[in-house]
Amino acid sequence: MEITTKRMAVVVGALGVVSSILGVIAENKKPASGTPITGKDVVICKYPADPTVILGYLSFGFLVISTLAGAFSLFYPYKGKSIPWPALFQSTSFFIFFLVALGSTGLAAAMLLWPTITEHRHLLSNVHYNLETTCPTAKTGLLGGGAFLALDAALFWLVSLMLADNAREDYFDDVKGAGDDAKYHDASVVKGSA
């Protein structure tokens with residue numbers, strides 16, 4: 001099966017959608033707080049069983065895979081024709097969307113990992129020596145925001161792929177046009193010398 005831009009677009013988009021869905025589910029399943037159980041000079045926080053941490057890490061994993069597929073799709077030599085990467089970055093719109101895709105990916109990763117790691121830490125370190133602790137959980141809304149940024153990042157990778165495809169076509173048209181001009185020039189030189 002040959003790799004085409006359409007197939008890569010479907011892969012990048014599907015992985016981004018899965019990352020976003022997992023992040024939204026993780027946000028919805030996150031408990032508001034734990035239940036404090038007071039002992040002698042200690043408070044143990046009991047949290048309800050929920051899949052927030054696993055879903056958060058899975059969402060981040062799918063974001064990483066989507067990003068790697070998006071970056072791979074930009075520089076892959078489709079139909080055996082490679083293009084020098086500086087030729088891609090000569091297109092201003094491609095360069096801007098490439099930077100936006102990288103930035104939104106970074107923000108999505110931060111907003112998915114921060115609450116996931118915080119929640120994981122709360123589950124592991126549930127014994128507190130502060131008797132007035134309220135058994136907190138990760139900040140509400142960050143996972144959901146990260147999920148939507150993951151979807152945005154995938155969409156920006158798709159736009160970058162379309163712009164890279166346009167830049168690739170322009171590059172090969174220019175190379176072909178330069179070759180045709182050289183052939184015409186050679187033919188006119190031969191006619192003039194005869």
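Higher on the page you've got the structure.
Residues numbered from 1 in each chain as written. Predicted model: local features only at pLDDT ≥ 70, side-chain atom pairs only at ≥ 80, totals over all residues. Heavy atoms only, no water.

Engineer: For this particular structure, what's the right way to read a nonpolar patch on the surface?
Structural biologist: On the surface, Phe95, Ile96, Leu99, Val100 and Leu102 cluster together into a nonpolar patch covering about 410 Å² of accessible area. In this structure, Phe95 sits in helix α4 (residues 92-124). Given a relative accessible area of 38%, Phe95 falls into the partly exposed group. (Patch = residues over 30% accessible without salt bridge, like charges linked within 9 Å, V, L, I, M, F, W, Y side chains within 5 Å. Areas by Shrake-Rupley, 256 points an atom, 1.4 Å probe, with all protein chains shown as cover. Salt bridge = Lys/Arg side-chain N within 4 Å of Asp/Glu carboxyl O. Helix = DSSP H or I, 4+ residues; strand = E, 2+ residues; numbered from the N terminus. Buried < 20%, exposed > 50% of the residue type's maximum accessible area, 1.4 Å probe, protein only.)

Engineer: Just to check I follow, could you spell out a negative patch on the surface for this structure?
Structural biologist: A contiguous patch of negative charge, built from Glu169, Asp170, Asp173 and Asp174, is present on the exposed surface. Positionally, Asp174 belongs in helix α5 (residues 142-193). (Lys, Arg positive; Asp, Glu negative; His and termini not counted. Charge placed at Lys NZ, Arg CZ, Asp CG, Glu CD.)

Engineer: It is not clear to me how the sheet that holds strand β3 (residues 127-128) should be interpreted in this structure. Could you clarify?
Structural biologist: To summarise the sheet geometry, strands pair through backbone hydrogen bonds and adopt either a parallel or an antiparallel arrangement. With antiparallel pairing, the 3 strands of this open sheet are ordered in space as β1-β2-β3. Edge positions in the sheet fall to β1 (35-38) and β3, since each has one partner strand and no second. Inspection of the sheet shows strand β2 (residues 43-46) paired to β3 by 2 bridges, in the antiparallel sense. If you follow Val43 over to β3, its bridge partner there is His128. (Pairing = 2+ DSSP bridges.)

Engineer: Could you clarify how one ought to interpret the side chain of Thr137 in this entry?
Structural biologist: Position of Thr137 among the secondary structure elements: in the loop between β3 and α5. Given a relative accessible area of 13%, Thr137 falls into the buried group. Looking at Thr137, its side chain comes within polar contact range of the main-chain oxygen of Pro31, at 3.3 Å. Polar side-chain contacts of Thr137 include one of 3.1 Å to the backbone oxygen of Ala32. Here Thr137 is in contact with Lys30, Pro31, Ala32, Ser33, Gly34, Tyr47, Glu119 and His122, once residues within four sequence places are set aside. (Polar contact = N/O pair within 3.5 Å; in protein donor to acceptor, adjacent residues only side chain to side chain. Contact = heavy atoms within 4.5 Å.)

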